[in-house]
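Examining the three-dimensional arrangement
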Amino acid sequence: MDFWFNDFWIILCGSLVAMSCAILGCFLILRKMAMVGDAISHSVLPGIVVAFFLSGSLSSWTVMLGATSLGLLTTFIIEMLNKRGGVQADAAIGLTFTFLFAVGVILIAANSGNLHIDQDCVLHGEIAYIPLDIGTTIAGIEIPRQAIILSVLFFVISTLVYLGYRGLFLTTFDPEYADAIGVKTTTWHYLLMAAVSLATVVSFESVGAILVVAFLIVPAATAYLLTDHFPSMLLLSCVVGILSSFTGYYLAVYLDGSIAGAISTMMGVFFSLAFLFAPKHGYLAKRLST
Amino acid sequence: MIKRVDNSILEVHDLTVSYHNKPVLWNIDFDLPSGIVAGIIGPNGAGKSTLIKSIMGLISPDQGYTKIFGQPLNEIRSRVSYVPQRESVDWDFPASAMDVVLMGRYSERGFWGRYNDEDRKIAKQSLEQVDMLPFANRQISQLSGGQQQRVFLARALAQQADIYFMDEPFAGVDAATEASILNLLREMSHSGKTMIVVHHDLQSAYDYFDWMILLNRRLIAVGPKADVFTDELIQETYGGNLSILATLGNIMQQKDYPK
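Residues numbered from 1 in each chain as written. Chains lettered and ligands numbered in written order. Predicted model: local features only at pLDDT ≥ 70, side-chain atom pairs only at ≥ 80, totals over all residues.

Now for the overall build of chain B. Secondary structure summary: chain B contains ten helices and ten strands in total. Whereas a compact globule of 259 residues would reach a radius of gyration of roughly 18 Å, chain B reaches 18 Å, a difference of no more than 12%. C-alpha atoms of chain B, sized along the principal axes, occupy 55 × 40 × 35 Å. For chain B, buried positions account for 43% of its 259 residues. (Helix = DSSP H or I, 4+ residues; strand = E, 2+ residues; numbered from the N terminus. Rg over C-alpha atoms; globule rule 2.2 N^0.38 Å. Buried ≥ 20, exposed ≤ 12 C-beta atoms within 10 Å, placed from the backbone.)

What follows is about the overall build of chain A. Per the secondary structure count, chain A includes 13 helices and two strands. Relative to its length of 290 residues, chain A is compact, with a C-alpha radius of gyration of 19 Å against a globular reference of 19 Å. Dimensions of chain A, computed from the C-alpha atoms along their principal axes, are close to 55 × 45 × 35 Å. Per-residue burial for chain A yields a buried fraction of 49% across its 290 residues. If you take every contact in chain A between residues at least 6 apart in sequence, the share linking residues at least 24 apart comes to 68%. (Contact = placed C-beta atoms within 7 Å.)

Moving on, we come to helix 2 (residues 34-43) of chain A. For helix 2 of chain A, the buried fraction is high: eight of the ten residues fall into the buried class. Three or more residues of helix 2 of chain A are buried, namely A:Val36, A:Gly37, A:Asp38, A:Ala39, A:Ile40, A:Ser41, A:His42 and A:Ser43.

In this fold, B:Asp131 is placed in the loop between helix 4 (117-129) and helix 5 (145-158). Judged by C-beta crowding, with 17 C-beta atoms within 10 Å, B:Asp131 ranks as partly exposed.

Okay, the pairing of strand 1 (residues 134-138) of chain A next. All names here are of chain A. Buried residues are scarce in strand 1, accounting for zero of its five residues. Where strand 1 and strand 2 (residues 141-144) come together, four bridges link them in antiparallel fashion. Considered in strand 2, the bridge of Ile138 is made with Ile141. (Pairing = 2+ DSSP bridges.)

Another point: the confidence of the model for chain A. Chain-level statistics for chain A give a pLDDT mean of 86 and a share of 93% at 70 or above. At the low end of the mean pLDDT range in chain A sits helix 6 (residues 119-124) of chain A, at 59; at the high end sits helix 11 (residues 230-255) of chain A, at 95. (pLDDT = per-residue confidence, 0-100.)

So, about the nonpolar core. Among the nonpolar cores identified, the biggest contains 175 residues, and A:Ala22, A:Leu24, A:Cys26, B:Ala38, B:Val101 and B:Met212 are the most heavily contacted of them. For this core, the leading source of residues is helix 10 (residues 185-226) of chain A, giving 26 residues. What B:Ala38 contacts, discounting residues up to four positions off in sequence, is B:Leu32, B:Met195, B:Ile196, B:Val197, B:Phe209, B:Asp210, B:Trp211, B:Met212 and B:Ile213. (Core = buried A, V, L, I, M, F, W, Y, C linked by C-beta atoms within 7 Å.)

Quick look at the interface of chain B and chain A now. Contact residues are listed per partner, giving 21 residues for chain B and 19 residues for chain A. Breaking the side of chain B that touches chain A down by element, the ones donating at least two residues are strand 6 (80-83) and helix 3 (106-109) of chain B. Taken together, the residues of the side of chain B that touches chain A sort by class into 13 nonpolar, seven polar and one charged. (Nonpolar A, V, L, I, M, F, W, Y, C, P; charged D, E, K, R; others polar.)

Looking now at the confidence of the model for chain B. Looking at chain B as a whole, its pLDDT mean stands at 87, while 92% of the residues score no less than 70. For this predicted complex, the interface confidence score (ipTM) comes to 0.88, while the overall pTM stands at 0.88.

Our next topic: unusual backbone geometry. In this structure, A:Asp256 takes a positive phi of about 55 degrees despite not being glycine. Exposure remark for A:Asp256: the 6 C-beta atoms within 10 Å place this residue in the exposed category.

For the α-helix, the turn length of 3.6 residues means that residues three or four positions removed from each other point alike. Its 42 residues place the ends of helix 10 of chain A only 28 Å apart at the C-alpha level, less than the 62 Å of an ideal helix rising 1.5 Å per residue. At A:Phe204, helix 10 of chain A shows its largest kink, close to 115 degrees. (Expected span 1.5 Å × (residues − 1). Bend = angle between axes of the 7 residues up to and from the residue.)

What follows concerns the packing of helix 4 (residues 61-84) of chain A against helix 5 (residues 89-110) of chain A. Residues and elements named next belong to chain A. Helix 5 packs onto helix 4 with a crossing angle of 140 degrees between their chain directions and a minimal axis gap of 9 Å. The crossing of helix 4 and helix 5 is right-handed. Taken together, the residues of helix 5 that come into contact with helix 4 (itself represented by Leu70, Thr74, Ile77, Ile78, Leu81 and Asn82) are Ala89, Ala92, Ile93, Leu95, Thr96, Phe97 and Leu100. Of the residues that constitute the contact of helix 4 with helix 5, the class distribution is ten nonpolar, three polar and no charged. (Axes fitted to C-alpha atoms, helices over the stretch in contact; angles between N-to-C directions. Left-handed = near helix turned anticlockwise from the far one by under 90°.)

Residues and elements named next belong to chain A. Inspection of the secondary structure puts Gly66 in helix 4. Considering only alpha carbons, one finds Gly66 and Val49, 17 residues apart in sequence, at a separation of 8.6 Å. Leave out the neighbours within four places in its chain, and Gly66 touches Gly47, Ile48, Val50 and Ala51.

Turning our attention to the packing of helix 8 (residues 165-173) of chain A against helix 10 of chain A. All names here are of chain A. Relative orientation of the contacting elements helix 8 and helix 10 amounts to 105 degrees, with a least axis distance of 10 Å. Taken as axis vectors, helix 8 and helix 10 run roughly perpendicular relative to one another. For the pair formed by helix 8 and helix 10, the contact residues are Gly167, Leu168 and Thr171 on the first element and Thr185, Trp188 and Leu192 on the second. Here the residues of the contact of helix 8 with helix 10 are counted per class, giving three nonpolar, three polar and no charged. (Parallel < 35°, antiparallel > 145°, perpendicular 65-115°, else oblique.)

Right, let's talk about the pairing of strand 7 (residues 163-167) of chain B for a bit. All names here are of chain B. The buried count for strand 7 comes to five of five residues, which makes it a mostly enclosed element. Neither face of strand 7 is open: one carries Ile163, Phe165 and Asp167, the other Tyr164 and Met166, and all of them are buried. A crossover connection joins strand 7 to the parallel strand 8 (residues 194-199) through helix 6 (residues 175-190); in handedness this β-α-β unit is right-handed. (Right-handed = clockwise from strand over helix to strand, strands pointing away.)

Before going further, it helps to examine the environment of A:Cys26. Residues and elements named next belong to chain A. When you line up the elements, Cys26 lands in helix 1 (residues 3-30). The buried category is assigned to Cys26, around which 28 C-beta atoms lie within 10 Å. C-alpha separation for the pair Cys26 and Val218, spaced 192 residues apart in sequence, amounts to 9.6 Å.

See the structure below:
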């Protein structure tokens, strides 16, 4: 296969995951729920393992369904512990996802003989292998399976956010008012959480849980520093995600290191730049204005 | 003293509410006519915010129910509007004044709908009504506290509801905002709308409201202010709080207050 195509597919897939996660991340950080994304991305593990065990494949609808329901279960448990049990929100998140992730790790370890997944693959994924797994061939161009799956994911997430923009915006800014005028705040909450679970599960095979968490939080946090306009924040977070995938990939090639690691590093670099030099909310701008 | 009204638009029946098994409101039972500005008055911790939140169904009561326009709340949600306490949201949110006011049009457009030109027109009119039109495109974080409060009022106005619940709209606002809110309350009540306002300042209460709901965990009195703003009832509401009773004495001397 053409070497240039390898680069292209890896960067494309990285960017698709980045955009899907960044869009959701914007809502998560404004809802002060960034760590819920982290929690979901870890606690889907037992769902993946069980579904994998039942279906024997990592890329089936069963796995997607199993993991997404585990994601929703996670949010549900967090809400229950917090609202009904009086456990603080951050403690509830910590309790829930460490427990579920541990269950997942045990399930993997106990079945390592007959399962072709391990902790390493779940945590780090393997973005470099994307071009090797061809899904279909159109006009002589071999299109990797992941590129197709991740395009569908991006389409689903962006359509959801486009159609549900007003509801998500309202329930994120002022859930109490939304409740008062009869908006189904809980429905929007679980819709968003289902989307986060879906994005996490679909992405984890290609990029791994850790990069997913970084994509959920860092581009959105960077964009938040750069603008006061929510649609611009959505757009900028995607730009940061794409730039990180692009520069991260070539950094990894240059260093001959992990692609996921390099992409995360580049996100950190972009965030630091925004933190220091953002026009209004940056550190320097604030220092100079006071 | 609980004044009963015929043709009430709000009925609260025997409402009891508790937080973590501690009762906050006991057997609240009253009704209100339309076209009034009613103040909910009582000391800190009297359950004033809890009362309006339970009426709107944001807190589920242990017992009791409310009816608005003779119907259960869920049937007429769109005719009920709410102005939450200003501190209840994060004003650093990336939104403009216009974005916030448009939220008032949400119910009109439903789940997947979009805001149209009519919504934008109504939102602009609402901003105009609170003298905030010049700030329509301003980021909400750059508005003063009083201006933020007026944006919240404009959002409720944009909803074009018939009954409005407001949680401490006068708390910490500048004189211009205070005047603007008062003006608005009067105008709205003249056009037949009902405003129910949580208010903690006894000194200004007599000037602001037509009706008063005196509350301290239980309902002390409800009625036109002339009937309700009396020595014993205020004392009963504020208990043995002497400093408040002293200031109250001063107010009573200054005003031609009904003995």
